[in-house]
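Fold and contact review
Chain by chain, the residues run as shown.
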Amino acid sequence: MASIKQNIEQITHQIRLATEKCGRKPDSVQLLAVSKTKPITAIQEAIDAGHFAFGENYVQEGVEKVQHFATTPHAEQLKWHFIGPIQSNKTKHIAEHFDWVHSVDREKIARRLNDQRPEGAKPLQVLLQVNTSGETSKSGTDFASVSELAAAIATMPNIVLRGLMSIPERADDYESQLRAFQSLSKALQVLQQTHPSMDTLSMGMSGDMDAAIEAGSTMVRIGTALFGARDYSNKA
Ligand SMILES: *Cc1c(COP(=O)(O)O)cnc(C)c1O
């Protein structure tokens, strides 16, 4: 099996090829290593390979990892992104421990994150999660509501509105993947006219990264291709 270091190199290479193919700069796409369910040792391996941005989905697990690495040599360089569904009774832990949140989809959650951000901490970097597939079961705000949500959050002093995120319905063909990502990209372009701080498009995972990059992704969230398949047997 390839090491985590080799996987990071491989994914970085794939990002370069995908950006070159559509005339973008390789450094216009950031790699977020999605470490959910993975042990401290796996994250340490990625850090040793020079990687510092990690995404977590579960509050308790994420906070434990943030706290563990807070006392390690690279603590200052590490960036922790919360990318999972948010329950309102968990916002305090997210506001206290994370640098970025990708999954804000309603004003109430944003308000709580803003109010619970500790005094003296840098503002929380927030992305609005948009439901690009129109399925009622998935989380994310719909396109019709995103501009109202952005306007409400833009007034919150402890939050910087940075962009949009989506997890499109799984599609195996490139064209369908591309269409979903392009719809998010267009929505961002519209919002940027009013909110210039929105410079980030978090889209693309292990299975659809190339299409996301062609559509303008600036941050790909990669778990499986980097850390291997996940084991959920210890999750409720
Ligand atoms: C798990 C997860 C990922 C990573 O998915 P892979 O297919 O393993 O690369 C990305 N984004 C979110 C929101 C996730 O929950």
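First, a word on what this report is: a plain description of the structure on this page. These numbers come from a predicted model, not from an experiment. (Residues numbered from 1 in each chain as written. Predicted model: local features only at pLDDT ≥ 70, side-chain atom pairs only at ≥ 80, totals over all residues. Heavy atoms only, no water.)

**Description of the site of the ligand**
Cut-off, in case you're wondering: We call a residue near a given molecule or strand whenever any one of its heavy atoms falls within 4 Å of it. Think of a polar contact as two N or O atoms within 3.5 Å of one another; within protein, one of them needs to be a possible hydrogen donor and the other a possible acceptor, and neighboring residues in sequence only count if both atoms come from side chains. Only the protein chains shown count as cover for residues, with accessible areas throughout obtained via the Shrake-Rupley method and a probe of 1.4 Å. Under the scheme applied here, ten amino acids are nonpolar (Ala, Val, Leu, Ile, Met, Phe, Trp, Tyr, Cys and Pro), four are charged (Asp, Glu, Lys and Arg), and all others, including Gly, are polar.
Residues in close proximity to the ligand total 13 residues, the closest being Lys36, Asn57, Ser206, Thr224 and Arg230. Between the ligand and the protein, one listed contact pairs an oxygen atom with a side-chain N or O atom of asparagine 57 at 2.7 Å. The side chain of serine 206 places a nitrogen or oxygen atom 2.5 Å from an oxygen atom of the ligand. Relative to its free-state accessible area of 390 Å², the ligand is covered by the protein chains to the extent of 89%. Per-class residue counts for the shell around the ligand are six nonpolar, four polar and three charged.

**A few points about unusual backbone geometry**
Selection rule: The way it works is that DSSP assigns letters per residue, a run of H or I at least four long becomes a helix, a run of E at least two long becomes a strand, and they are numbered from the N terminus.
Unlike most non-glycine residues, threonine 37 shows phi in positive territory, near 70°. As for its position among the elements, threonine 37 is in the loop between β1 (30–34) and α2 (40–48).

**Re helix α3 (residues 59–69)**
For the record, the criterion: We call a residue buried when its accessible area falls under 20% of the maximum for its residue type, exposed when it is over 50%, and partly exposed in between, using a 1.4 Å probe and counting protein chains only. The criterion used for residue contact is that any of the two residues' heavy atoms lie within 4.5 Å.
Among the residues of α3, those classed as buried are Val59, Glu61, Gly62, Val63, Lys65, Val66 and Phe69. Taken together, the buried residues of α3 touch α2, β2 (53–56), β3 (79–82) and α4 (91–97).

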